[in-house]
Amino acid sequence: MAAHDDTAAKIDKASADNQLLESTVKNIRDLLTGAPNDLYARVVDELVDRGAWDELNDRFYKTLEFGTGGLRGRTIGKIVTKAERGNSGADECPQFPCVGTNAMNFANVNRATQGLVAYAKEWHTQNKIAARPKIVIAHDTRFFSDEFTGLTAKVAAENGCDAYIFDGPRSTPELSFAVRHLNATAGIVITASHNPPHDNGYKVYFADGAQVIEPHESGIIAKVKAIKRESYEPLPKDRQGSVKTLGKDVDEAYMKRLETLIIDPGVLSGPKTLRIVFTPLHGTGAVTLEPMLKRLGFDFEIVPEQEKFDPRFGTVKSPNPENAEALTLGIELAKKTNADVVIATDPDSDRLGVAVRSATGEMKLISGNQIGSLLAYYRLKKFFDLGILNRENALRAVVIKTFVTTDLQRVIPEHFGVRCVETLTGFKYFGAKLDKYERALPPEIRKQYRQLSEEETRAARLKYSSFYVFGSEESYGYSGADFVRDKDGNAAGIMFCEMAAYAKSRGRTVDQLLDEAFAGFGYFEEKNGSLYFEGAEGADKIARLLESYARKPPGEIAGSKVVGVTDFEKQTIRDVEGDVIPKQKMSIFQLEDKTRIAVRGSGTEPKIKYYIFAQRRPEKGKFAVEQLSQIKSDIGRRLDEVWNWVEKDARTRVAQ
């Protein structure tokens, strides 16, 4: 007790000396008051004794909040205390996750689950659903993912829900599929996607299989905030739910749907067979995409060092397929085997990155915007070539992209007479659109919609509603059907390999097919940049910087006049279907030279993101090869020039 009294005195002094934030002190006291054991106190004692004020501020300055559909944060602290290390060795995962109100740990997983369960039960009551809520839970390969899953299932069941868990790691898109397939009330996936190994997260889906949006998001957050303690009184046994382990039937149902993504099986066979290297980057892509490539008859090899689950992601600096470094081993194998493409999925297999063998024989990366543009182009072209889409029904087809995804993905569908809908960043907004299109179907079709075949649902959508052809966001997320209501790296891998096989069947490389699109539609290139601001102080800088763009937008950027400003927080903006875009702290600046710059805070990481878009359209006909080469060089220089200006301006704004 004396040690704790001494700790309290040191905390008071650190607060008086402005070493600890007021919110930090309050959150430490609140957590210790409701602690289920002495672990939390021992961790705080140790950090206070070390004078680790920055660590305490980072862990306690706020309570971990729902961002893009759930929680995400550190599950292993920058400093690992002896109490957290427990019985684990120095090189092993700590025995206990990071203690703190702003960390991914048992306390926050517990509170989040109690809140979600309370909301699900209330929703059942409001909708006069007599059955117990059903919650499906999946997890990836990260530290504590399995333990968080077990705790989530236990809390859900003891509070009156039936919990369904998988027998091992599964991808995020399979969780989305399973929610719909099992007609569940909600779903949870324990993952931090491609974040560093020390992070984990808790992503929430609702009955439509999409990440939660309003009003569910606010409703769940309110329920979670109302839970002040992780302790609760379990319901009587006869009112508790059960915990069930899902069998392989859900995997098989998902994979059968993935098979339907192939539009033209004919391009997969023939004398010019595509050669593929695949890496799951130690994650869940090995569970689904590897057997799917076999099933579809693709000629592929898997990177052996990266096939095994590894929460440390030991062969890469970051398990993010957006980064060139993550594909290094895949590219090395492709060089040895003379493969045409390398495909890589992130740990929860919702994103896809690629490298392709260029026309000159070298392996090169193509961007998320370029991958999405190629897939949109190929899939639209094939649907029209095969007569599935035509002039009469084209208006019922739709491509979805985010505002910060290349404008080429708007130009391509418009060329085919197909509408392009733009949303805020996050596939939860794509899911909302798909739910809207499903609700537009006649009631008798809607009742059996999830049981219909892909061909039957497509026919229904083309006749009565909207047929979703493809969706993409620049951050390497893609979707080609509505049986999953999130981005799907497994689906993206299949779609990309079909497109690459098509290119090879025509004697072209993937980059030549991309240049074919650029020559006809125009050259579009983008540059993304991020400024990181960690911890409590960083969050304040991000907020102030975003506010400064709204309050005092630039009048000129890198020598070009700003001719338009879109403020997504203050203006009312509608999409092409007339739906109001939700408010968000994001600004887009349109320049006189057709360049545009978007700026927004990340929903999952401590950074502010910048997106710069440049384009050059042919005045008539197509660009010649020589023209395209010069335009690429000119646009590349312009993007660098604009980013240098934006970065310098941002640093100045932060300093003010």
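Report on the accompanying structure. (Residues numbered from 1 in each chain as written. Predicted model: local features only at pLDDT ≥ 70, side-chain atom pairs only at ≥ 80, totals over all residues. Heavy atoms only, no water.)

1. Focus on the overall build of the protein chain
Tallying secondary structure elements over the protein chain gives 21 helices and 21 strands in all. Compactness check: the protein chain gives a C-alpha radius of gyration of 25 Å against a globular reference of 26 Å for 656 residues, within 12% of the reference. The buried share among the 656 residues of the protein chain stands at 59%. Within the protein chain, residue pairs in contact and separated by at least 24 positions form 72% of the contacts whose partners lie at least 6 positions apart. In the structure as shown, the protein chain presents an accessible area of about 26,700 Å², 50% of it carried by carbon and sulfur atoms. Of the side-chain charges in the protein chain, 93 are positive and 93 negative, and the distance between the mean point of each set is 4 Å. (Helix = DSSP H or I, 4+ residues; strand = E, 2+ residues; numbered from the N terminus. Rg over C-alpha atoms; globule rule 2.2 N^0.38 Å. Buried < 20%, exposed > 50% of the residue type's maximum accessible area, 1.4 Å probe, protein only. Contact = heavy atoms within 4.5 Å. Areas by Shrake-Rupley, 256 points an atom, 1.4 Å probe, with all protein chains shown as cover. Lys, Arg positive; Asp, Glu negative; His and termini not counted. Charge placed at Lys NZ, Arg CZ, Asp CG, Glu CD.)

2. Considerations on the environment of Asp91
Within the secondary structure, Asp91 sits in the loop between helix H5 (82–85) and helix H6 (106–126). Taking the relative accessible area as the measure of exposure, Asp91 reaches 70% and is therefore exposed.

3. Regarding the pattern of salt bridges
All told, the structure shown has 59 salt bridges when counted by the stated rule. Between Asp167 and Arg170 there is a salt bridge, with its nearest N and O atoms 2.8 Å apart. Through salt bridges that share partners, Arg180, Arg257, Glu438, Glu454, Arg461, Asp482 and Arg485 make up one connected network. (Salt bridge = Lys/Arg side-chain N within 4 Å of Asp/Glu carboxyl O.)

4. Topic: the packing of helix H11 (residues 285–295) against helix H18 (residues 489–505)
Relative orientation of the contacting elements H11 and H18 amounts to 25°, with a least axis distance of 9 Å. By the angle class used here, H11 and H18 are roughly parallel. Viewed along their axes, H11 and H18 form a crossing whose handedness is right-handed. Seen from H11, the contacting residues are Gly285, Thr288, Leu289, Met292 and Leu293; seen from H18, they are Gly489, Asn490, Gly493, Ile494 and Cys497. (Axes fitted to C-alpha atoms, helices over the stretch in contact; angles between N-to-C directions. Parallel < 35°, antiparallel > 145°, perpendicular 65-115°, else oblique. Left-handed = near helix turned anticlockwise from the far one by under 90°.)

5. Quick look at unusual backbone geometry
The omega angle of the peptide bond from Glu214 to Pro215 is 0°, so this bond is cis rather than trans. Relative to the assigned elements, Pro215 resides in the loop between strand S5 (199–206) and helix H9 (216–226). Phi is positive for Lys128, close to 55°, though the residue is something other than glycine. When you line up the elements, Lys128 lands in the loop between H6 and strand S2 (134–139). Of the residues examined, Lys128 reaches a relative accessible area of 78% and is grouped as exposed. A positive phi angle is found at Asn338, which is not glycine, with a value near 60°. Looking at the secondary structure, you find Asn338 in the loop between helix H12 (328–337) and strand S9 (341–345).

6. Here's the deal with the sheet that holds strand S15 (residues 477–479)
Pairing is mixed in the open sheet, where four strands are placed in the order S13-S12-S14-S15. Across the chains shown, the open sheet's two edge strands, defined by having one partner strand only, are strand S13 (419–423) and S15. Strand-to-strand, the axes of this sheet are offset by a mean angle of 15°, without reference to chain direction. Across five bridges, strand S12 (residues 397–402) lies against S13 in parallel orientation. If you follow Ile400 over to S13, its bridge partner there is Val421. Across the sheet, helix H14 (residues 408–415) lies against S12, S13 and strand S14 (467–473), angled at about 155° from S13, the strand it touches most. (Pairing = 2+ DSSP bridges.)

7. What about helix H10 (residues 248–259)?
Here H10 spans 17 Å end to end across 12 residues, near enough to the 16 Å set by a 1.5 Å rise per residue. For H10, every residue scored as buried is listed here: Val250, Asp251, Ala253, Tyr254, Met255, Arg257 and Leu258. (Expected span 1.5 Å × (residues − 1).)

8. Here we look at the nonpolar core
Within the largest apolar cluster, 98 residues are counted, with the highest numbers of intra-cluster contacts made by Ile343, Val469, Phe496, Val510, Ile557, Ile608 and Tyr610. Apart from the residues within four sequence positions on either side, Val469 is in contact with Arg379, Leu380, Phe383, Leu389, Ala397, Val398, Val399 and Gly480. (Core = buried A, V, L, I, M, F, W, Y, C linked by side-chain atoms within 4.5 Å.)

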